[in-house]
Amino acid sequence: MAKINFLCVHKKLRSKGLAPVMIKELTRRVHLQNIWQAAYTSRHILSRPVTTCRHWVRMLNPKKLIDAGLTRLRDRMTLSRTVKLYKLPDAPITPGFREMERRDVPAVTELLRKYLCQFGVATDFDENYVKHWLLPRENIIYSYLVVSPETHDVTDFCSFYTVSITIPGNQKYTTVKGVYSYCNVATLTSFPQLMNDALIVAKQKGFDVFYASDVMQNESFLKELRFYPGCGQVHYYLYNYRLRNGLKPSELGIVL
Ligand SMILES: CC(C)(COP(=O)(O)OP(=O)(O)OC[C@H]1O[C@@H](n2cnc3c(N)ncnc32)[C@H](O)[C@@H]1OP(=O)(O)O)[C@@H](O)C(=O)NCCC(=O)NCCS
């Protein structure tokens, strides 16, 4: 199955019917690879989606986000109280938490494959895919794992990719640096603790905001870690493949 991502038409060329032309050409090229199904997303309702996911937002640098106009102070909150509320420890808490390295590819692939088979629809990871999409690359993708101090096994994994947000017309900031939660697996560490460490390292790296959607088991940490629901929704679709029933976001094992 092909995964369609990053479909984008320049703002000046929108609403001229270019998207269907691009989709038709993509489909032709995928068919030439003898692939007849695809997973894709849209912010619009196109037909009955497999599921609809919501974006959640966790501020890492509330002052900048407020100054940039991306969010505002909640009722009865001062800036200093807000900053305190979202403050994070200086370093990750979980023993054995470290950045993923090339030598971890087999262990991470196995962990992801075991974890993802519980979902109705999920990415079928192999080692090449893990190398390409998950090996850390500065300002693109960050992946961390937990190695058990006793057994030296990789027990937990989290990852996030970068999203840069342009702020037109703001006096102080032109961009806000964000990251989006990608694949996370918690077996020995609790999900909230693992993702709290992900927030800590994202903050250390200078990111201002951490986004996540309610796919997989993400609901188990969103509220506890002070994520709030954003206004965006994304609908997931499968091309040329029909599921008997729709899925809940928590039954979806892909992030597009
Ligand atoms: C999504 C995007 C490419 C659509 O381009 P556009 O110029 O607004 O739309 P066009 O006039 O070219 O085409 C509209 C048609 O494409 C369809 N379409 C739009 N997005 C689609 C998607 N993600 N998948 C399939 N079809 C899509 C619409 O339903 C519409 O079909 P209709 O004419 O039968 O009603 C454009 O809005 C964009 O670049 N958005 C920002 C990036 C983004 O959100 N990408 C999508 C998710 S990765």
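These numbers were taken from a predicted model, which means no experiment stands behind them.

Calculation criteria
Within each chain, residues carry numbers counting from 1 in the order of the written sequence. Note on the predicted model: pLDDT of at least 70 is required for a residue's local features to be given, and 80 or more for side-chain atom pairs to be given and counted; whole-chain, interface and lining totals, by contrast, use all residues. Side-chain metrics rest on all non-hydrogen atoms present in the structure, leaving aside hydrogens and water. Under the scheme used here, helices are H or I runs from DSSP no shorter than 4 residues and strands are E runs no shorter than 2 residues, and both carry numbers assigned from the N terminus. Relative accessibility under 20% of the residue-type maximum defines a buried residue, over 50% an exposed one, and the middle range a partly exposed one, all with a 1.4 Å probe and only protein chains included. Contact definition: two residues touch when any of their heavy atoms are within 4.5 Å. A single heavy atom is enough: if one lies within 4 Å of a molecule or strand, its residue is considered near that molecule or strand. For this analysis, a polar contact is any N or O atom pair within 3.5 Å, provided that within protein one partner can donate a hydrogen and the other can accept it, and provided that sequence-adjacent residues contribute only side-chain to side-chain pairs. All accessibility values rest on the Shrake-Rupley procedure with a 1.4 Å probe; residue burial counts only the protein chains present in the view.

Trainee: Could you clarify how one ought to interpret the environment of F119 in this entry?
Mentor: For F119, the location among the structural elements is in the loop between α4 (105-116) and β5 (121-122). According to the relative accessible area criterion, F119 is buried, its value standing at 9%. Residues F119 and V9, spaced 110 residues apart in sequence, show a C-alpha to C-alpha distance of 32 Å. Among residues more than four places away in sequence, those in contact with F119 are M216, S250, E251, L252 and G253.

Trainee: Is there a simple way to think about the site of the ligand in this case?
Mentor: Around the ligand sit 17 residues, and of these L7, V9, S15, L18 and A19 come closest. Contact between the ligand and S15: an oxygen atom at 2.7 Å from a main-chain N or O atom of the residue. Within the side chain of R43, a nitrogen or oxygen atom sits 3.2 Å from an oxygen atom of the ligand. In the complex, the protein chains occlude 64% of the 880 Å² of accessible area that the ligand would expose alone.

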